[in-house]
Amino acid sequence: MDIELMINSFPKLLNATLITLKLLSVSLILGLFIGLGFAILRMNNNKLINKFAYGYSYIFRGTPLLVQIFIIYFGLGQIEYLRTTFLWVVLKEPYWCAIIAFSLNTGAYTSEILRSAFQTIKTGYLEAGKSLGIPSKIIFTKIQIPIAIKQSLPAYGNEIILMLKGTSLASTVTLMDLTGVAKYIISTTFKPVEVFIVAGGIYLFMTFIIHNVIKYLEKKYGFQT
Amino acid sequence: MKKLKVLGFGILISSFLTISSIADQIKIGTEGAYPPWNSKDSAGNLIGFEVELANELCKIMNHDCTIVEQDWDGMIPALVSRKFDAIMAGMSITGERMKTINFSQGYADEVASLAVMKGSKNEGLKTMSAINLSDVSADEQATLDVLTKAFKGKTIGVQTATIHQNFLESGLMGNVKIRTYKTQDEVNLDLSAGRIDAALAAAVAFTDYAEKSGKEVVLTGPTFAGGDFGNGVGVGIRKGDSKLLNDFNAAIDKARDDGIISKLAIKHFGFDASM
Amino acid sequence: MELLYFGDKGWGDELFFATLITIAVSITAMIIGFIFAALFTPLKLSNNKFLNSIGNAYTTVIRGVPELLVIYLFFFGGSGAIMFVASIFGYNDYIEINAFLTGSFSIGIISGAYSTEVFRGALQSIDKGQFEAAKVLGFNKYINFFKIILPQMLRLAIPNLSNVWQITLKDTSLISVTGLVEIMRQSYIAAGSTRDPLFFYSFAAVLYLMLTFLSMQLLNRLETKYSKGY
């Protein structure tokens, strides 16, 4: 074990963690919108729209994230026509290719989580509230939304952690995220075990924080229903 | 009955854990993604200059060899952790690598070059045709200055953990944005897609790609040798494995004297890259 | 389409065999994961604080670190660790693990952490009264566990285990670092050699979709079979 190398690589890895966190937060925000959109489409009565939304989530949940990134980065980059369109401004950059892949991937899982949360919002609450004379707007914001959040928090917390781990694949498309910088250090020191242990520790710390924040939120919304 | 089960389990385990102390059995690691040095054909076989040379050297050494593939970025760690016993993967002999592993004498050498897409502003730069960085003359410095100016702020792609990456990081070409890739294939793809402005690798890696893909990749500027570009390509051997090192050195001598290396080099590179 | 020809010209047969490797690695990894789960689930449920923290450390660390890092660490550090253990027993020669097992083990460690959580959840949701009832009826521990608890646990665990299977199957795409030629590595090689990444990565996606689809059909059938009587 080369302890000195572990200590020396720590600040560089910590610096790269910022890129990892940036990738994670941008993807999660975009993914939440995508997920919300597709969850709403899933509840549409039109069969075609419904099937389309289901197909999206099935494809992105049924294939490895690595394949998705490679198709978007190396695959789409080979289509000459694409390079003449405005899309190329985005697809030219590895950063945006990674963001697109991550957002679409987490969007698929988020749409499933939100869909099942919406389904738990039973119309019964609405009727019960109405008979007590509570306005429907208040029922929605004070009863239905909190229940939906409470229902989906554990699953969404897991999804955040899965996505954090997923961002490590950004290094396969030349990005210098935490894993990318770890690989870079290894490329000159040839000591993978030491460097990956430090990087793994940083990932673990981030998972720990996310896990506890979600736990806290669960407690906050954890009233009895 | 219980003992039988334990015995059976033991046999099962040991059939997976094979002990590689079988005499004269050596494993050679290669990348399989750096034509014409080493690559894979559509039948999944490893091919190329080093694959054929490895077989010739093993014949001379009277070793039973298997050639295994290993991703480039894990090549030296894999050798150190004994996944195989020797590296033949177009790996140049450099001081940085010698801190971790040993090298045999060089068996082949070829120059590095920058490449751009046809029509690029930096196509056909007016420079010397070749420079050697071991001892930079005034003319060579002028050539480096031309390159520094031409590629200022440009993005140049290289394969990770290569002499080419080391050279760009040395700052001899000024301030360029370096983008590192896992394989040379990926560098070539992004160069032809226009994601990077230029690429730096062995000159043959570009000519081979241009020829096989029909993409208009052209060499530009001088060819590079010496300095960060190392002292030719040799066989990487674990430190302390001096018997194998001596065997390889002797075998390379013999193969060179018999003209085997030249013959294979001309077949794969189109010129005599042997040394 | 000629890219997919079988034989020397195309990549059809190579991709076919790579698919078989993916299936074989996934199944082996799943089984290795079960062995890990069988070891760690009792630890996680143990009242002993020390044993309990070992169980928790395993699931927390493995599920909190990117799969790619776990695989790299096992690939480069695994044989060193095994040799260290062997040297304690006085065995000092080099021990080599082949690529298939290295790949399966690294995925198996990950798969095992998820399986452990599933089994723990399933065991905890079995009514405690049943343990007592079995004791009162005078069943010995062995019968108690294998005839009463285990069948119930499996029934409760199957839906979640199919999730673990999906994760395991997709994680095999990351073991190309070990040099094992599964779907992803074969597509990578083919894409590099033919310079047609779009086609080969899309085809890889189709192969994975086929595998997830078919295995889900199979697992759903299993689920209906085992949920009978409920």
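Remember, it's a predicted structure, so these values are computed and weren't measured experimentally.

> I'd like to hear about the overall build of chain C, residue by residue, with values.
When its secondary structure is counted, chain C shows 8 helices and 1 strand. By principal-axis analysis of the C-alpha atoms, chain C measures approximately 70 × 50 × 25 Å. Taking all 230 residues of chain C together, the buried fraction comes to 51%. Pairs at least 24 apart in sequence give 74% of the contacts found in chain C among residues at least 6 apart. Chain C carries 16 positive and 14 negative side-chain charges, and their two centres are separated by 15 Å.

> Account for the sheet that holds strand S2 (residues 25-30) of chain B, with residues named and values stated.
All names here are of chain B. Strands sit in the order S5-S2-S6-S14-S7 across an open sheet of 5 strands; the sheet is mixed. The sheet is open, and its two borders are formed by strand S5 (64-69) and strand S7 (101-108), each paired with just one other strand. Strand direction decides the pairing type here: S2 and strand S6 (residues 86-87), joined by 2 bridges, are parallel. Its bridge partner being in S6, isoleucine 28 is matched across the sheet by alanine 86. Each of S2, S6, S7 and strand S14 (233-238) is contacted by helix H9 (residues 242-257), which is oriented at about 5 degrees to S7, the strand it contacts most.

> So what about the interface of chain A and chain C? Which residues, and what values?
Facing 32 residues of chain A, the contacting portion of chain C comprises 31 residues. Carbon and sulfur atoms supply 79% of the area that chain A and chain C bury against each other, a total of about 2,600 Å² over both sides. There are 1 salt bridge connecting chain A and chain C. A salt bridge links Lys165(A) to Glu67(C); the nearest nitrogen and oxygen atoms lie 3.4 Å apart. Taken together, chain A and chain C are joined by 7 residue pairs in polar contact (both at pLDDT 80 or more). Elements supplying a minimum of two residues to the side of chain A that touches chain C: helix H2 (47-62), helix H3 (65-75), helix H7 (136-166), helix H8 (178-189) and helix H9 (192-220) of chain A. It is H9(A) that contributes the most residues to the side of chain A that touches chain C, 9 residues altogether. By residue class, the composition of the side of chain A that touches chain C is 21 nonpolar, 8 polar and 3 charged.

> I'd like a description of the interface of chain B and chain A, backed by residues and values.
The interface of chain B with chain A comprises 21 residues on the first partner and 25 residues on the second. Of the roughly 1,800 Å² buried at the junction of chain B and chain A (both faces included), carbon and sulfur atoms supply 54%. The tally of links from chain B across to chain A stands at 6 residue pairs in polar contact (both at pLDDT 80 or more). Secondary-structure elements contributing two or more residues to the side of chain B that touches chain A are helix H3 (75-80), helix H4 (95-98), helix H6 (163-169), strand S11 (177-181) and helix H7 (184-193) of chain B.

> Describe the nonpolar core, listing the residues and the values that go with them.
Ranked by size, the top nonpolar core spans 169 residues in total, and within it Leu13(A), Phe49(B), Tyr107(B) and Phe248(B) carry the most contacts. Membership of the second largest hydrophobic core comes to 22 residues, among which are Ala112(B), Val176(B), Leu200(B) and Phe224(B).

> Provide a residue-level description of the side chain of Asn38(B), including the pertinent values.
Residue and element names in this part refer to chain B. Relative to the helices and strands, asparagine 38 is located in the loop between S2 and strand S3 (39-40). Note on asparagine 38: relative accessible area 0%, which makes it buried. Only 3.3 Å separates the side chain of asparagine 38 from the side chain of threonine 30, close enough to count as a polar contact. Aside from chain neighbours lying at most four places away, what touches asparagine 38 is Thr30, Glu31, Gly32, Ala33, Ile47, Gly48, Glu50, Val51, Met88, Ala89 and Gly90.

> Break down the packing of helix H1 (residues 12-45) of chain C against helix H8 (residues 197-226) of chain C for me, citing the residues and quoting the values.
All names here are of chain C. Put simply, H1 and H8 touch, their axes get as near as 12 Å, and they point 45 degrees apart. Comparing the axis directions of H1 and H8 gives the class oblique. You can see that H1 and H8 cross each other, and the crossing is right-handed. Together, Leu15, Thr19, Thr22 and Ile23 of H1 and Phe200, Phe203, Leu207, Tyr208 and Leu211 of H8 make up the contact between the two elements.

> Tell me about the pairing of S2(B), residues and numbers included.
Pairing analysis gives 6 bridges linking S2(B) to S5(B), with the strands arranged parallel. Its bridge partner lying in S5(B), Thr30(B) is registered against Glu69(B).

> Which residues make up the state of the cysteines, and what values do they have?
Residues and elements named next belong to chain B. This structure, assessed with the given rule, holds 1 disulfide over all chains. Disulfide pairing is shown between cysteine 58 and cysteine 65; the S-S distance is 1.9 Å. For the disulfide bridge between cysteine 58 and cysteine 65, the dihedral angle about the S-S bond is near -90 degrees, and by the sign convention the bridge is left-handed. Just as cysteine 58 is buried, cysteine 65 falls in that class too.

> Account for the packing of aromatic side chains, with residues named and values stated.
Each aromatic ring pair is described using two quantities: the centre-to-centre distance and the angle formed by the ring planes. All told, the structure shown has 29 aromatic pairs over all chains when counted by the stated rule. With a centroid separation of 5.2 Å and 80 degrees between ring planes, the pair formed by Tyr95(A) and Trp96(A) is classed as edge-to-face. Residue class for Tyr95(A) comes out buried when judged on its relative accessible area of 18%. Measuring from ring centre to ring centre gives 6.2 Å for Phe199(C) and Phe203(C), while their planes differ by 10 degrees; the resulting arrangement is stacked. Taken together, the positions of Phe199(C) and Phe203(C), both in helix H8 and 4 residues apart, correspond to about one turn of that helix. Residue class for Phe199(C) comes out partly exposed when judged on its relative accessible area of 21%. One aromatic cluster is present, formed by Phe70(A), Tyr73(A), Phe74(A), Tyr188(C) and Tyr201(C) through successive ring pairs.

> Help me get a handle on the confidence of the model for chain A, residues and values and all.
On average, residues of chain A score 91 in pLDDT, and 97% of them are at 70 or above. Ranking the helices and strands of chain A by mean pLDDT puts H3(A) first, with 96, and helix H6 (residues 123-131) of chain A last, with 75.

> How would you sum up a nonpolar patch on the surface? Please name residues and give values.
Residues and elements named next belong to chain C. A contiguous nonpolar surface patch, about 620 Å² in accessible area, is contributed by Leu137, Phe139, Tyr142, Ile143, Phe145 and Phe146. Here phenylalanine 146 shows up in helix H6 (residues 141-171). Its relative accessible area of 42% is what places phenylalanine 146 among the partly exposed residues.

> Can you tell me about the environment of Tyr58(A), naming the residues and giving the values?
Along the chain, the position of Tyr58(A) falls in helix H2. Sequence separation between Tyr58(A) and Glu112(A) is 54 residues, and the spatial gap between their C-alpha atoms is 9.9 Å. Setting aside residues no more than four positions away along its own chain, Tyr58(A) makes contact with Leu209(C), Thr212(C) and Phe213(C).

> Just give me the short version of H8(A), but keep the residues and values in it.
When the terminal C-alpha atoms of H8(A) are compared, their 17 Å separation across 12 residues agrees well with the 16 Å that a helix rising 1.5 Å per residue should span. Where burial is concerned, most of H8(A) is hidden: 9 out of the 12 residues are buried. Looking at the buried residues of H8(A), the elements they touch are helix H1 (3-42) and H9 of chain A, H3 of chain B together with helix H3 (67-88) of chain C. Positive backbone phi, approximately 60 degrees, marks Phe190(A), located one or two places after H8(A).

> Account for unusual backbone geometry, with residues named and values stated.
All names here are of chain B. Across the junction of proline 35 and proline 36, the peptide omega takes the value 0 degrees, indicating a cis bond. With respect to the secondary-structure elements, proline 36 resides in the loop between S2 and S3. Of note, asparagine 62 is a non-glycine position whose phi angle comes to about 60 degrees, a positive value. Summarising the element assignment, asparagine 62 is placed in the loop between helix H2 (49-61) and S5. Assessed through its relative accessible area of 62%, asparagine 62 is described here as exposed. At arginine 82, a residue that is not glycine, the phi angle is positive and equals roughly 65 degrees. Turning to its location among the elements, arginine 82 is positioned in the loop between H3 and S6. Exposure remark for arginine 82: the relative accessible area of 35% places this residue in the partly exposed category.

What counts and how
- Residues numbered from 1 in each chain as written.
- Chains lettered and ligands numbered in written order.
- Predicted model: local features only at pLDDT ≥ 70, side-chain atom pairs only at ≥ 80, totals over all residues.
- Heavy atoms only, no water.
- Helix = DSSP H or I, 4+ residues; strand = E, 2+ residues; numbered from the N terminus.
- Buried < 20%, exposed > 50% of the residue type's maximum accessible area, 1.4 Å probe, protein only.
- Contact = heavy atoms within 4.5 Å.
- Lys, Arg positive; Asp, Glu negative; His and termini not counted.
- Charge placed at Lys NZ, Arg CZ, Asp CG, Glu CD.
- Pairing = 2+ DSSP bridges.
- Axes fitted to C-alpha atoms, helices over the stretch in contact; angles between N-to-C directions.
- Buried area = accessible area lost by both parts, 1.4 Å probe.
- Salt bridge = Lys/Arg side-chain N within 4 Å of Asp/Glu carboxyl O.
- Polar contact = N/O pair within 3.5 Å; in protein donor to acceptor, adjacent residues only side chain to side chain.
- Nonpolar A, V, L, I, M, F, W, Y, C, P; charged D, E, K, R; others polar.
- Core = buried A, V, L, I, M, F, W, Y, C linked by side-chain atoms within 4.5 Å.
- Parallel < 35°, antiparallel > 145°, perpendicular 65-115°, else oblique.
- Left-handed = near helix turned anticlockwise from the far one by under 90°.
- Disulfide = S-S within 2.5 Å.
- Phe/Tyr/Trp six-rings, centres within 6.5 Å; stacked < 30°, edge-to-face > 60°.
- pLDDT = per-residue confidence, 0-100.
- Patch = residues over 30% accessible without salt bridge, like charges linked within 9 Å, V, L, I, M, F, W, Y side chains within 5 Å.
- Areas by Shrake-Rupley, 256 points an atom, 1.4 Å probe, with all protein chains shown as cover.
- Expected span 1.5 Å × (residues − 1).

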